[in-house]
Amino acid sequence: MMKKVMAAAMSVLLLAGCGNSTGNSGNNSNSATPAAISSGVDTTSFKTMSDIFALNPEEKERGFMDTSFCYVFELDGVIYRAKGILTQEQIDQIFDLEFDDPDYETKYREIAGPVVIEQFDNLTEMIPPQEELDKYVGKTGQDLLDDGWTEGYGYNLDDMVFWLYKGPFAYDVVFESDQKYENTDDFDVWKTIAPLKIKSVTYKGLGNASEQ
């Protein structure tokens, strides 16, 4: 039973990325270069997840929610996202894996490999240009909330920088404020930034790409 609980927890962790809202560090190793649009790999040849696994790309995120399996990876500086549907048998097999098994990764890929790719996205191409992000300057945090932005993985109250999510990406959002805030246990991000005006918005990297 513990094994299955641990497996479920790992799936949720993979889907959620490494985000938190405690707000100490804004480093994100998932940054991509917007100028790099396509890799030298013929991604149109990808039919199943095993076609991707065979290239052993740099993994960014993976996991599943219900039966939807998602794999986010980087090839030649370009970040892609592949989605497909798991059978209940495959889900049960993944839950039955032991994390301390030295062959865990091999077994995981053997199970998920046959999943047919039903959606394939070039996430790097989807990164909005800075000109589009500049349109948020002067708007408020409430405008972001109304536009579907969500709380990201942290903030820096000294500089009033909040790392927020929109779509599959994370952004540095700087707010104007003369007030000093304390990082308390009950600090409410949206209550704080809702009335504040936006000073700047810049692309940071991946957010919860596998949940989008």
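Owing to the predicted nature of the structure, the values given are computational and were not obtained by experimental measurement.

**Some words on helix 4 (residues 104–112)**
Within helix 4, the full set of buried residues consists of Tyr104, Tyr108, Arg109, Ile111 and Ala112. Buried residues along helix 4 cover an arc of 160 degrees about the axis, so they all sit on one side.

**Points about the packing of aromatic side chains**
Tallied over the entire structure, the rule returns 20 aromatic pairs. When the ring of Phe53 is compared with that of Tyr71, the centres are 5.1 Å apart and the planes differ by 85 degrees; the resulting orientation is edge-to-face. With Phe53 in helix 2 (residues 49–53) and Tyr71 in strand 2 (residues 68–75), this residue pair connects regions lying 18 residues apart in the sequence. Of the two residues examined, Phe53 and Tyr71, each falls in the buried class. Measuring from ring centre to ring centre gives 5.7 Å for Phe64 and Phe95, while their planes differ by 55 degrees; the resulting arrangement is tilted. Of this pair, Phe64 sits in strand 1 (residues 58–65) while Phe95 sits in helix 3 (residues 88–95), and the two are 31 residues apart along the sequence. Site record: aromatic cluster; members linked through ring pairs are Phe46, Phe53, Tyr71, Phe73, Tyr80 and Phe120. Lying across the ring of Tyr108, Arg62 places its NZ or CZ 3.9 Å from the centre.

**Considerations on the sheet that holds strand 7 (residues 169–175)**
Strand order in this open sheet of 4 strands is 5-6-7-8, and the pairing throughout is antiparallel. Two strands in the sheet have a free side with no partner beyond their single neighbour: strand 5 (150–156) and strand 8 (198–206). Direction aside, the axes of adjacent strands within the sheet are offset by 25 degrees on average. When strand 5 meets strand 6 (residues 161–166), the two strands line up antiparallel, connected through 5 bridges. By the bridge assignment, Asn156 is partnered in strand 6 with Val161.

**Regarding the environment of Ile79**
By the secondary structure assignment, Ile79 is in strand 3 (residues 78–85). C-alpha separation for the pair Ile79 and Met126, spaced 47 residues apart in sequence, amounts to 9.9 Å.

**Overview of a negative patch on the surface**
Together, Glu151, Asp185, Asp186 and Asp188 give the surface a local cluster of negative charge. By secondary structure assignment, the location of Glu151 is in strand 5. For Glu151, a relative accessible area of 33% puts it in the partly exposed group.

Conventions and cut-offs
- Residues numbered from 1 in each chain as written.
- Predicted model: local features only at pLDDT ≥ 70, side-chain atom pairs only at ≥ 80, totals over all residues.
- Heavy atoms only, no water.
- Buried < 20%, exposed > 50% of the residue type's maximum accessible area, 1.4 Å probe, protein only.
- Helix = DSSP H or I, 4+ residues; strand = E, 2+ residues; numbered from the N terminus.
- Arc of directions from axis to C-beta.
- Phe/Tyr/Trp six-rings, centres within 6.5 Å; stacked < 30°, edge-to-face > 60°.
- Lys NZ or Arg CZ within 6 Å of the ring centre and 35° of its normal.
- Pairing = 2+ DSSP bridges.
- Axes fitted to C-alpha atoms, helices over the stretch in contact; angles between N-to-C directions.
- Patch = residues over 30% accessible without salt bridge, like charges linked within 9 Å, V, L, I, M, F, W, Y side chains within 5 Å.
- Areas by Shrake-Rupley, 256 points an atom, 1.4 Å probe, with all protein chains shown as cover.
- Salt bridge = Lys/Arg side-chain N within 4 Å of Asp/Glu carboxyl O.
- Lys, Arg positive; Asp, Glu negative; His and termini not counted.
- Charge placed at Lys NZ, Arg CZ, Asp CG, Glu CD.

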